[in-house]
Amino acid sequence: RQRAAPSPPAQASAGEAPSLAAVDWQGERIEVWWPLDKTWFAGRLSGVASDGVRVHIKYDDGDEEDLDLANEKWRVCKDKRAASRTG
């Protein structure tokens, strides 16, 4: 996977990118848009990073990272089961 430099927050369409306050985020399944790969990658929110701003994501493909979701295009997964990629 390729990660582009962080971009400004994306304007979400209706039903996309709810705030973390709007969901019970611990264990929530989300998808993060990877622009260089031009696809969504699914994973699970597993905690808050030590800086208290970023969240820790465990992707279905085994990767893990801490992200500030305010700087990412993301959405809550419609399918709550593990899925590797959606396109």
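One can find the structure itself at the top, above this paragraph.
Since we're looking at a predicted model, the values are computed, not measured. (Residues numbered from 1 in each chain as written. Predicted model: local features only at pLDDT ≥ 70, side-chain atom pairs only at ≥ 80, totals over all residues. Heavy atoms only, no water.)

A.B. asks: Explain the environment of W74 here, please?
C.D. replies: Considering the arrangement of structural elements, one finds W74 in strand 5 (residues 74-76). Taking the C-alpha atoms as reference points, W74 and V32, 42 residues apart in sequence, are found 4.4 Å from one another. From its side chain, W74 meets the backbone oxygen of L69 in a polar contact 3.3 Å long. (Helix = DSSP H or I, 4+ residues; strand = E, 2+ residues; numbered from the N terminus. Polar contact = N/O pair within 3.5 Å; in protein donor to acceptor, adjacent residues only side chain to side chain.)

A.B. asks: Where do I start with the pairing of strand 2 (residues 39-48) in this structure?
C.D. replies: The two faces of the sheet receive side chains in turn, since in a regular strand these alternate between them. Taken across its ten residues, strand 2 has seven buried, putting it largely inside the fold. Pairing of strand 1 (residues 29-34) with strand 2 involves six bridges; the strand directions are antiparallel. Across the sheet, residue E31 finds its bridge partner in strand 2, namely A42. Note: strand 2 against strand 3 (residues 55-59), five bridges, orientation antiparallel. (Buried < 20%, exposed > 50% of the residue type's maximum accessible area, 1.4 Å probe, protein only. Pairing = 2+ DSSP bridges.)

A.B. asks: Help me understand unusual backbone geometry in this model?
C.D. replies: Peptide bonds are trans in most cases, and residues, glycine excluded, mostly fall at negative phi. Positive phi values are uncommon outside glycine, yet K38 reaches one of about 55 degrees. Checked against the element boundaries, K38 lands in the loop between strand 1 and strand 2. You can call K38 exposed: its relative accessible area is 64%.

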